[in-house]
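One-letter residues, chain by chain:
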Amino acid sequence: MTGAPTRPARPVTPTTILAELLDDLVTRAGAGADADLVRARDLAAGLDPYLDEHTSPASSALVELEARTRSAAWTGALEQEMLSGHVEGRFLAFLVAMTGARRVLEVGMFTGYSALAMAEALPDDGELVACELDADVAAFARDRFAASPAGRRIRVEVGPAADTLERLRGTAFDLVFVDADKAGYAGYLDTVLDGGLLAPGGVVCVDNTLMQGLPWTGDRTANGDAIAAFNRRVTDDPRVEQVLVPLRDGLTLIRRSA
Ligand SMILES: C[S@@+](CC[C@H](N)C(=O)[O-])C[C@H]1O[C@@H](n2cnc3c(N)ncnc32)[C@H](O)[C@@H]1O
């Protein structure tokens, strides 16, 4: 990445993709656009701003982290759209506080937004272990963690998450947030469940389980297929119960079956 400003974020969630499609239709229809079409566009386009406005604000450290992520010029596999952001960050922080989690594991850290959001909700002696493959983006995140008091609760593990999870076998976490390579999701969940990584009563949160709507519409892509297969596997897995929450690009909460 470099310091040059990059393009505006593109839509990457079912709602924002829908809003963009409807906006194109309204534009194409011109002055004669059907009132119901305009209403459908406004419903879709207004949802995220409404959620933002009515969710408690992010800390100044998170606002700064997001601004720096948005203004960096990303290359290769990384892009600004990977950042989870305000509402999802608040949701994850709420889960940490609500469950009384003391130990959190994150698989896929990027610039550290969700890691720092969750760390801010941990008690003083809490710890968050964040796995990240890319050493440069890990350095970006570490720089932001150093600028926040909650950052000292975060330990970054650089390398393939599968290797880190193997090393962590037997270390229990109260909350696990999976947000890395989609093809790896099933393996991560298996290691977490079978490798002693989930504390009794612990919750696993898995991101992007709607994957831009690809599992039920549109073109086949590797990520869409991986998420479709993962969702089917979890649905059929007698070890767990789950709920798919339509937050941003979909967040599935998973716990062991009673
Ligand atoms: C969607 S981003 C994470 C976003 C972050 N959780 C947030 O809220 O801002 C996915 C991250 O997973 C990392 N990643 C991809 N494959 C990985 C792997 N095998 N092991 C560890 N991290 C991986 C990518 O480098 C990327 O930074």
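Residues numbered from 1 in each chain as written. Predicted model: local features only at pLDDT ≥ 70, side-chain atom pairs only at ≥ 80, totals over all residues. Heavy atoms only, no water.

- Naming follows an unreviewed UniProt entry, where the protein chain appears as Class I SAM-dependent methyltransferase of Pseudonocardia alni subsp. carboxydivorans.

### Looking at the nonpolar core
Turning to step 1, where the next piece is worked out: Membership of the largest hydrophobic core comes to 38 residues, with the highest contact counts inside it found for Ile 154 and Cys 205.
Turning to step 2, where the next piece is worked out: The element that contributes the greatest number of residues to this core is helix α5 (residues 113–121), accounting for 6 residues.
Turning to step 3, where the next piece is worked out: If near-sequence neighbours (up to four positions away) are discounted, Cys 205 is found in contact with Leu 92, Leu 95, Leu 175, Val 176, Phe 177, Val 178, Leu 251, Thr 252 and Leu 253.
Turning to step 4, where the next piece is worked out: Ranked by size, the runner-up nonpolar core spans 26 residues in total, among them Leu 168, Phe 173, Ala 180 and Leu 197. (Core = buried A, V, L, I, M, F, W, Y, C linked by side-chain atoms within 4.5 Å. Buried < 20%, exposed > 50% of the residue type's maximum accessible area, 1.4 Å probe, protein only. Helix = DSSP H or I, 4+ residues; strand = E, 2+ residues; numbered from the N terminus. Contact = heavy atoms within 4.5 Å.)

### A short note on the site of the ligand
Turning to step 1, where the next piece is worked out: With respect to spatial proximity, 20 residues lie near the ligand, and among them Ser 84, Ser 114, Glu 132, Ala 161 and Asp 179 are the closest.
Turning to step 2, where the next piece is worked out: Between the ligand and the protein, one listed contact pairs an oxygen atom with a side-chain N or O atom of Ser 84 at 2.6 Å.
Turning to step 3, where the next piece is worked out: Separating an oxygen atom of the ligand from a side-chain N or O atom of Glu 132 is a distance of 2.5 Å.
Turning to step 4, where the next piece is worked out: Protein coverage of the free-state accessible area of the ligand, which is 610 Å², stands at 91%.
Turning to step 5, where the next piece is worked out: Partitioning the shell around the ligand into residue classes produces 12 nonpolar, 4 polar and 4 charged. (Near = heavy atom within 4 Å. Polar contact = N/O pair within 3.5 Å; in protein donor to acceptor, adjacent residues only side chain to side chain. Areas by Shrake-Rupley, 256 points an atom, 1.4 Å probe, with all protein chains shown as cover. Nonpolar A, V, L, I, M, F, W, Y, C, P; charged D, E, K, R; others polar.)

### Notes on the packing of helix α3 (residues 60–71) against helix α6 (residues 135–146)
Turning to step 1, where the next piece is worked out: Closest axis-to-axis distance for the α3/α6 pair is 10 Å, and the angle between their directions is 150°. When the interaxial angle is binned, α3 and α6 end up roughly antiparallel. Between α3 and α6 the crossing geometry is right-handed. Across the interface between the two elements, Glu 64, Leu 65, Arg 68 and Thr 69 of α3 pack against Phe 140, Asp 143 and Arg 144 of α6.
Turning to step 2, where the next piece is worked out: Tallied by class, the residues present in the contact of α3 with α6 amount to 2 nonpolar, 1 polar and 4 charged. (Axes fitted to C-alpha atoms, helices over the stretch in contact; angles between N-to-C directions. Parallel < 35°, antiparallel > 145°, perpendicular 65-115°, else oblique. Left-handed = near helix turned anticlockwise from the far one by under 90°.)

### Description of the domain arrangement of the protein chain
Turning to step 1, where the next piece is worked out: Examined at the domain level, the protein chain breaks down into domain 1 (14–53) and domain 2 (60–256).
Turning to step 2, where the next piece is worked out: Just the C-alpha atoms count here: the centres of domain 1 and domain 2 sit 30 Å apart.
Turning to step 3, where the next piece is worked out: Listed as interface residues are 4 residues of domain 1 and, on the opposing side, 8 residues of domain 2.
Turning to step 4, where the next piece is worked out: Buried area between domain 1 and domain 2, summed over both chains or domains, comes out near 420 Å², and the portion from carbon and sulfur atoms is 70%.
Turning to step 5, where the next piece is worked out: Counting the surface domain 1 buries against domain 2, the share from its top three residues, Pro 14, Ile 17 and Asp 52, is 82%.
Turning to step 6, where the next piece is worked out: In this assembly, domain 1 and domain 2 are joined by 0 salt bridges.
Turning to step 7, where the next piece is worked out: Applying the counting criterion to the domain 1 and domain 2 interface returns 1 residue pair in polar contact (both at pLDDT 80 or more).
Turning to step 8, where the next piece is worked out: Broken down by secondary-structure element, the contributors of at least two residues to the side of domain 1 that touches domain 2 are α1 (14–29) and α2 (35–53).
Turning to step 9, where the next piece is worked out: Across the side of domain 1 that touches domain 2, the residue classes break down as 3 nonpolar, no polar and 1 charged. (Domains from an automatic or database assignment. Buried area = accessible area lost by both parts, 1.4 Å probe. Salt bridge = Lys/Arg side-chain N within 4 Å of Asp/Glu carboxyl O.)

### Points about helix α9 (residues 222–235)
Turning to step 1, where the next piece is worked out: Counted at 1.5 Å a residue, the expected span for α9 with its 14 residues is 20 Å, and the 20 Å between its end C-alpha atoms agrees.
Turning to step 2, where the next piece is worked out: Each element contacted by the buried residues of α9 is listed here: α8 (185–194), β5 (198–207), β6 (240–245) and β7 (251–256). (Expected span 1.5 Å × (residues − 1).)

### Points about the sheet that holds strand β1 (residues 103–107)
Turning to step 1, where the next piece is worked out: Read across the sheet, 7 strands follow the order β3-β2-β1-β4-β5-β7-β6 without closing on themselves; strand pairing throughout is mixed. If you trace the sheet from one side to the other, it starts and ends with β3 (154–158) and β6, each paired once. On average, each strand axis in the sheet is inclined to that of its neighbour by 15°, with strand direction left out of account.
Turning to step 2, where the next piece is worked out: Bridge analysis of β1 against strand β2 (residues 127–132) gives 5 bridges, and the strand direction is parallel. Its bridge partner being in β2, Glu 106 is matched across the sheet by Ala 130.
Turning to step 3, where the next piece is worked out: Across the sheet, α6 lies against β2 and β3, angled at about 170° from β3, the strand it touches most.
Turning to step 4, where the next piece is worked out: Along the sheet face, α9 touches β5, β6 and β7 and points at about 135° away from the line of β6. (Pairing = 2+ DSSP bridges.)

### Here we look at the packing of aromatic side chains
Turning to step 1, where the next piece is worked out: Evaluated as defined, the whole model comprises 3 aromatic pairs.
Turning to step 2, where the next piece is worked out: Between the aromatic rings of Trp 74 and Phe 140, the centroid separation amounts to 5.8 Å while the plane-to-plane angle is 45°, which identifies the pairing as tilted. Here Trp 74, found in the loop between α3 and α4 (86–99), pairs with Phe 140, found in helix α6; they are 66 residues apart in sequence, far enough to count as distant. We note that Trp 74, like Phe 140, is buried.
Turning to step 3, where the next piece is worked out: Relative to Phe 230, the ring of Tyr 185 lies with its centre 5.5 Å away and its plane at 80°, an arrangement referred to as edge-to-face. Highlighted residues: Tyr 185 in helix α8 and Phe 230 in helix α9, separated in sequence by 45 residues. (Phe/Tyr/Trp six-rings, centres within 6.5 Å; stacked < 30°, edge-to-face > 60°.)

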